[in-house]
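# Working through the structure, step by step
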Amino acid sequence: MKTKSLLVVALGAALVGTCLSPQADPGKGKGHGEQHGHQGNAGDRQAGPSIDPGGIRGILEGNRGYWSPGPSLPPGIQKKLARGKPLPPGIAKKLDGRLLGHLPRYDGYEWQQAGTDLILVTIATGVIYEVLHGILD
């Protein structure tokens, strides 16, 4: 009987310990399970593509005929264009397919233009991955 009681106590303690221990948190408590996005920390950007702004600027300069600067965005909208935030509806436009053929392609992402900014948007979620401010000026 003592062995059975000891076994019940041990199993109970194991179950309680499992319930009280923190669940698997790959984000180390920073809420990454919800994919709130990239705030500019190098560690946060490991899962996505690596962007070379200088290389993209060179591509844009060499293909000026395929894009034109858009009007400047109002300051309130401009503030909403940030990594990790959802792309506000109706402010971005698709780029010319000829220009897209020269820009780097990343599976699951799409280049768009918002005013004078070039943005890389996650297709599945509509969340902004990268903003190259003023590059289309």
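Every value quoted in this text rests on a predicted model; they were computed, and no experiment measured them.

Conventions and cut-offs
- Residue positions are given per chain, counting from 1 as you read along its sequence in written order.
- Per-residue local features are limited, in this predicted model, to residues with pLDDT of at least 70; the limit for side-chain atom pairs, both in listing and counting, is 80 or more; totals at the level of whole chains, interfaces and linings are taken over all residues.
- Calculation of side-chain values draws on the structure's entire complement of heavy atoms; hydrogens and water are dropped beforehand.
- The helix count covers DSSP runs of H or I at least four residues long, the strand count covers runs of E at least two residues long, and both are numbered beginning at the N terminus.
- Exposed residues in this analysis have more than 50% of their type's maximum accessible area, buried residues have under 20%, and partly exposed residues fall in between, with area computed by a 1.4 Å probe over protein chains only.
- Any pair of N or O atoms that falls within 3.5 Å is considered a polar contact. Within protein, one atom must be able to donate a hydrogen and the other to accept it, and sequence-neighbouring residues count only if both atoms are side-chain atoms.
- Working rule for contacts: check all heavy atoms of both residues, and any pair within 4.5 Å makes them a contact.
- Within this document, salt bridges are pairs made up of a side-chain nitrogen of Lys or Arg and a carboxyl oxygen of Asp or Glu, the two lying within 4 Å of each other.
- Nonpolar cores were defined as sets of buried Ala, Val, Leu, Ile, Met, Phe, Trp, Tyr and Cys residues, with membership established by side-chain atoms within 4.5 Å.
- Only strands joined by at least two bridges in the DSSP assignment are considered to pair.
- Per-residue confidence from the predictor is given as pLDDT, running between 0 and 100.

With that settled, consider the side chain of N63. Residue placement: N63 occurs in the loop between α2 (53–62) and α3 (75–80). When its relative accessible area of 14% is taken as the criterion, N63 is described as buried. At 3.4 Å, the side chain of N63 and the side chain of H102 are in polar contact. Excluding its chain neighbours within four sequence positions, the residues that come into contact with N63 are L99 and H102.

Overall, the coordinates contain three salt bridges when judged by the stated rule. Linking R83 and E130 is a salt bridge whose minimum nitrogen-to-oxygen distance equals 3.3 Å. You can see R83 sitting in the loop between α3 and β1 (93–94) and its partner E130 sitting in strand β4 (residues 128–132), a full 47 residues away along the chain. Look at R83 and you get partly exposed, because its relative accessible area is 27%. When its relative accessible area of 8% is taken as the criterion, E130 is described as buried. Note that K94 and E110 form a salt bridge whose closest N and O atoms lie 3.0 Å from each other. Taken as a pair, K94 in strand β1 and E110 in strand β2 (residues 109–114) lie far apart in primary sequence, 16 residues in all.

Below, the discussion takes up the side chain of Q113. You can see Q113 is positioned in strand β2. Using a relative accessible area of 3% as the deciding quantity, one classes Q113 as buried. A distance of 3.0 Å separates a polar side-chain atom of Q113 from the backbone oxygen of S68. Separated by 2.9 Å, the side chain of Q113 and the backbone oxygen of G115 make a polar contact.

The next point concerns the nonpolar core. Note on soluble globular proteins: their nonpolar side chains tend to be buried together. I51, I56, L60, W111, L118, L120 and I135 are the most contacted members of the largest nonpolar core, which has 16 residues in total. At the level of secondary structure, the elements contributing two or more residues to this core comprise α2, β2, β3 (117–122) and β4. Membership of the second largest hydrophobic core comes to nine residues, among which are L81, L87, A114 and I128.

This paragraph deals with the sheet that holds β3. Here we have four strands laid out as an open sheet, ordered β1-β2-β3-β4, and antiparallel in their pairing. In this open sheet, the two strands that pair with only one neighbour each are β1 and β4. Judged from the four bridges that link them, β3 and β4 form a sheet pairing that is antiparallel. Within β4, the residue paired with I119 across the bridge is V131.

Moving on: the confidence of the model for the protein chain. Confidence along the protein chain averages 77 in pLDDT terms, with 66% of residues attaining 70 or more. Averaged pLDDT values for the elements of the protein chain fall to 49 in helix α1 (residues 2–20) and rise to 97 in β2. Note that pLDDT drops below 50 for residues 15–44; the model gives that stretch 17 contacts with residues more than four away or on any other chain.

In regular strands, side chains alternate between the two faces of the sheet. With six of six residues buried, β3 lies mostly within the body of the structure. Hairpin remark: β2 followed by β3, antiparallel, with two residues in the connecting loop; positive phi at G115, about 65°. Linking β3 to β4, which pair antiparallel, is a turn of five residues; within it G126 sits at a positive phi near 75°.

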